[in-house]
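The residues making up each chain are set out below.
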Amino acid sequence: MTQSSPRDARQQKLSALRADALRRYAGLRIPAGFNGRWTRRQWAHASLFASIIALLGALVPGFDQALALPTHAPRASMALTLPQIGPKKVVAGPTRKGDSWQVVNVRAGETASEIFKQLDIPQGDLARLLKYPGVNMEMRRLRPGAEIAFDLPPGGPLRGFRYTRIGEKVELDMTGEKIVETAVPQQVDVRTVVLSGTVGDSLFESARKVGLTTQNLKELTDDIFKYSVDFDSDLDNNDRFSVVVDQTWKDGKLVDTGPVLAATITTDGKLHSGFLFERDGKPGYYTADGRSLERAFIRMPIPYARLTSGFGGRRHPVLGRFRMHKGVDYAAGTGTPIMAAGDARVKSVGWHGGYGKAVELDHGQGKTTFYAHMSRFAKIRPGQRITQGTVIGYVGSTGLSTGPHLHYEFRVNGAHRNPLSMMLPPPAPLSGTLLAQFKGETKRALGKIREVENIVFQGEEIRVADAASEKGKTKADKRG
Ligand SMILES: [Zn+2]
């Protein structure tokens, strides 16, 4: 009561620490690209992303209904307002003893004793705290970013302490004669967010920087944009991508990112998009107009052909020996065009021993097809991307062959499969009420993506075409 000046000093330190914690809290919300030090530029981005993440909670509620994701924490539905730059609050936790909790995020190189010293924790309280089983040990191995909290009223004794012990948050009540321990429930929060960026030097790097996982990137390149975007040559540094995902946050830390729910890439002024949607209990990616992005292989790689030899054991027509026939044969006249069975990257074009002139195509996801005995090749080269139905060569009888025919093989992860069993009918596009539901969700998702892009890329020319939405009316311009 009489020592007013030390108390003021402590107050000042506390408010400085509180401000510090606020800043660091903002930093924690940016999962990627953080190397421990923040430049002014990073700060600008951090607060922008922090506000975007805060802004976009519960953005696309339709998607989680469609997907029935396992984690279903309650979502706050909030009206979309203009973003506020900067953090909003410090995690304060239960405040049953008044608002005197001080939250400290440990910085790199900072020790617990330094923190205790800064906070002016009374020596006796500190000794008592460190005697509590496990506390001393945990304090010795504090990691940067770790959070500890003190219930420390100005001028008063230490009333409580909160720390993480083996991944579990623990609170110690020090008001009584004996220290009483309670577990602090963790705050789990699932938010649907839009992550936007420009491709830059590498889509991979940029995607990681905005917080996408390797799995998300695979979904983008292998499932959603595989047929519409050539990731090796189409993309420009300034091209934009936006991805909607569900993020799970535990106590202010990002712990999990779900699958891509919706994505757009704008390249060459053209908008490409894909959306996750569940049909008959099976989730899959669809184009904006409701066509499945999972394309089937065409039934026959050549027109007007006759199946002359099936898949399985048989006597080889030239060698005479009994051996496995690893594909199927179609008889057709020399020069009949041979088509790619599915969208693919050309793996090889050339002479292939007994198979003569042959082409191998890579369809991704471990699937390859092989076409042999060609009379000549079409104008294709290894590495080239071709779409389903592209003519890759012409029927012939090169190699060990008794007459003009196509020998066709289908492999999954290197193992031969019967091509006839691999050809499924193409999935029908969405229609009726399902299509209406899908359109409602995609429209909402695209609207949100557009709003976020308007914020993230503010000041830049808006190049997003409205190709994927029917009317493409942007609502109020959200740029401030
Ligand atoms: Zn054959």
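Residues numbered from 1 in each chain as written. Predicted model: local features only at pLDDT ≥ 70, side-chain atom pairs only at ≥ 80, totals over all residues.

1. Some words on the overall build of the protein chain
Step number 1: Helix and strand counts for the protein chain come out as 10 helices and 23 strands.
Step number 2: Taken over 480 residues, the protein chain has a buried fraction of 30%.
Step number 3: Within the protein chain, contacts between residues at least 6 apart in sequence are counted, and of these 65% link residues at least 24 apart. (Helix = DSSP H or I, 4+ residues; strand = E, 2+ residues; numbered from the N terminus. Buried ≥ 20, exposed ≤ 12 C-beta atoms within 10 Å, placed from the backbone. Contact = placed C-beta atoms within 7 Å.)

2. Comments concerning the nonpolar core
Step number 1: Of all hydrophobic cores here, the largest spans 35 residues; its most connected members are Val243, Val244 and Val260.
Step number 2: Counting residues per element, the ones that place at least two in this core are strand S6 (188-198), helix H7 (203-210), helix H8 (214-224), strand S7 (240-250), strand S9 (262-267), strand S10 (270-279), strand S11 (282-286) and helix H10 (432-456).
Step number 3: For this core, the element with the most residues is H10, which contributes six residues.
Step number 4: Among all residues touching valine 260, those that are not within four sequence positions of it are Asn216, Glu219, Leu220, Ile224, Val243, Val245 and Leu276.
Step number 5: Core analysis: the second largest hydrophobic core is formed by 26 residues, Phe297, Val346, Val349 and Tyr371 among them. (Core = buried A, V, L, I, M, F, W, Y, C linked by C-beta atoms within 7 Å.)

3. Structural notes on the pairing of strand S8 (residues 253-257)
Step number 1: Two elements, S7 and S8, share four bridges in a ladder whose sense is antiparallel. Paired with threonine 248 across the two strands is aspartate 256, which belongs to S8. (Pairing = 2+ DSSP bridges.)

4. Some remarks on H8
Step number 1: Considered for burial, the residues of H8 that qualify are Asn216, Glu219, Leu220 and Ile224. One side of H8 holds all its buried residues, which, seen down the axis, span an arc of 95°. Exposed and facing more than 90 degrees away from the buried side of H8 are Thr214, Gln215, Lys218 and Asp222. (Arc of directions from axis to C-beta.)

5. Structural notes on the environment of arginine 345
Step number 1: Mapped onto the elements, arginine 345 comes out in strand S17 (residues 344-351).
Step number 2: Through-space distance from the C-alpha of arginine 345 to that of histidine 363 is 6.5 Å; in sequence the pair is 18 residues apart.
Step number 3: The residues contacting arginine 345, other than those within four sequence positions of it, are Asp362, Gly383 and Arg385.

6. With respect to the environment of phenylalanine 225
Step number 1: Checked against the element boundaries, phenylalanine 225 lands in the loop between H8 and S7.
Step number 2: You can call phenylalanine 225 buried: it has 24 C-beta atoms within 10 Å.
Step number 3: For the pair phenylalanine 225 and serine 273, spaced 48 residues apart in the sequence, the C-alpha separation amounts to 7.7 Å.
Step number 4: If sequence neighbours within four positions are ignored, phenylalanine 225 has contacts with Leu220, Ile265, His272 and Gly274.

7. Notes on unusual backbone geometry
Step number 1: In this structure, glutamine 365 is a non-glycine residue whose phi angle is positive, near 50°.
Step number 2: If you trace the backbone, glutamine 365 turns up in the loop between strand S18 (357-364) and strand S19 (367-377).
Step number 3: The backbone of histidine 373 shows a phi angle near 65°, a positive value even though the residue is not glycine.
Step number 4: Within the secondary structure, histidine 373 is located in strand S19.

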